[in-house]
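Observations on the model geometry
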Amino acid sequence: VGQPVLLKCSFKSSSPITQSLLVDWTYRPLSGGQMETIFHYQAIPHPSPAGKFKDRISWVGNVANGDASIAIQSAVLSDNGTFICSVKNPPDV
């Protein structure tokens, strides 16, 4: 609680990494409910402009090295839940 949390995500692709590479991070609270997109990356990071993680997510990945990790600042217990990292590097998914 109160500390930054690193959410690691690594990937491999048989296709060259291009500007078309997409990273989406989604979140579902521990109590259930709808999945929500909390972070999007395509050439540059796009943190979600709203929601419980607004202004608390930073990009720490390096797609050239197969890293799509993010960090959440000032973690609270209610951040608990399921986080999913999805990477698409057309034509690879």
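Residues numbered from 1 in each chain as written. Predicted model: local features only at pLDDT ≥ 70, side-chain atom pairs only at ≥ 80, totals over all residues. Heavy atoms only, no water.

1. Comments concerning the sheet that holds strand β3 (residues 36-42)
The strand order across the open sheet formed by four strands is β4-β3-β2-β7, and the pairing between neighbours is antiparallel. The sheet terminates laterally at β4 (44-47) and β7 (81-88), the two strands that pair on one side only. Neighbour to neighbour, the strand axes of the sheet diverge by 15° on average, direction disregarded. Sheet topology note: the β3/β4 ladder contains four bridges and is antiparallel. Bridging across to β4, H40 finds its partner in H46. (Pairing = 2+ DSSP bridges. Helix = DSSP H or I, 4+ residues; strand = E, 2+ residues; numbered from the N terminus. Axes fitted to C-alpha atoms, helices over the stretch in contact; angles between N-to-C directions.)

2. Focus: the packing of aromatic side chains
Enumeration over the complete set of coordinates arrives at five aromatic pairs. Between Y27 and F53, the ring centres sit 4.9 Å apart and the planes meet at 85°, which makes this aromatic pair edge-to-face. Here the residue Y27 occupies a position in strand β2 (residues 22-29), and F53 occupies one in the loop between β4 and β5 (57-59), the gap between them amounting to 26 residues. What makes F53 buried here is its relative accessible area of 4%. Its end group placed over the ring of F53, K52 keeps NZ or CZ at 5.7 Å from the ring centre. (Phe/Tyr/Trp six-rings, centres within 6.5 Å; stacked < 30°, edge-to-face > 60°. Buried < 20%, exposed > 50% of the residue type's maximum accessible area, 1.4 Å probe, protein only. Lys NZ or Arg CZ within 6 Å of the ring centre and 35° of its normal.)

3. Details of the UniProt feature "domain: Ig-like" (unreviewed entry) in the protein chain
Annotation from UniProt places "domain: Ig-like" (unreviewed entry) at residues 1-93. Summarising residues 1-93: 0% helix, 39% strand, and an end-to-end C-alpha distance of 34 Å. (UniProt positions renumbered as here; feature names shortened; annotations may be inferred.)

4. A closer look at unusual backbone geometry
Backbone torsion omega between P90 and P91 reads 5°, so that peptide bond is classified as cis. Mapped onto the elements of the fold, P91 is located in the segment after β7. A positive phi angle, close to 65°, is found at D55, a residue other than glycine. Positive phi, close to 50°, is recorded for S74, a residue that is not glycine. Structurally, S74 is set in the loop between β6 (70-72) and β7. Among the residues examined, S74 registers a relative accessible area of 42% and is labelled partly exposed.

5. Brief notes about the state of the cysteines
On inspection of all chains with the given rule, the structure shows one disulfide. Two residues, C9 and C85, share a disulfide whose sulfurs are 2.1 Å apart. Judged by the sign of its S-S torsion, about -70°, the cystine formed by C9 and C85 is left-handed. Of this pair, C9 sits in the loop between β1 (5-7) and β2 while C85 sits in strand β7, placing them 76 residues apart in sequence. (Disulfide = S-S within 2.5 Å.)

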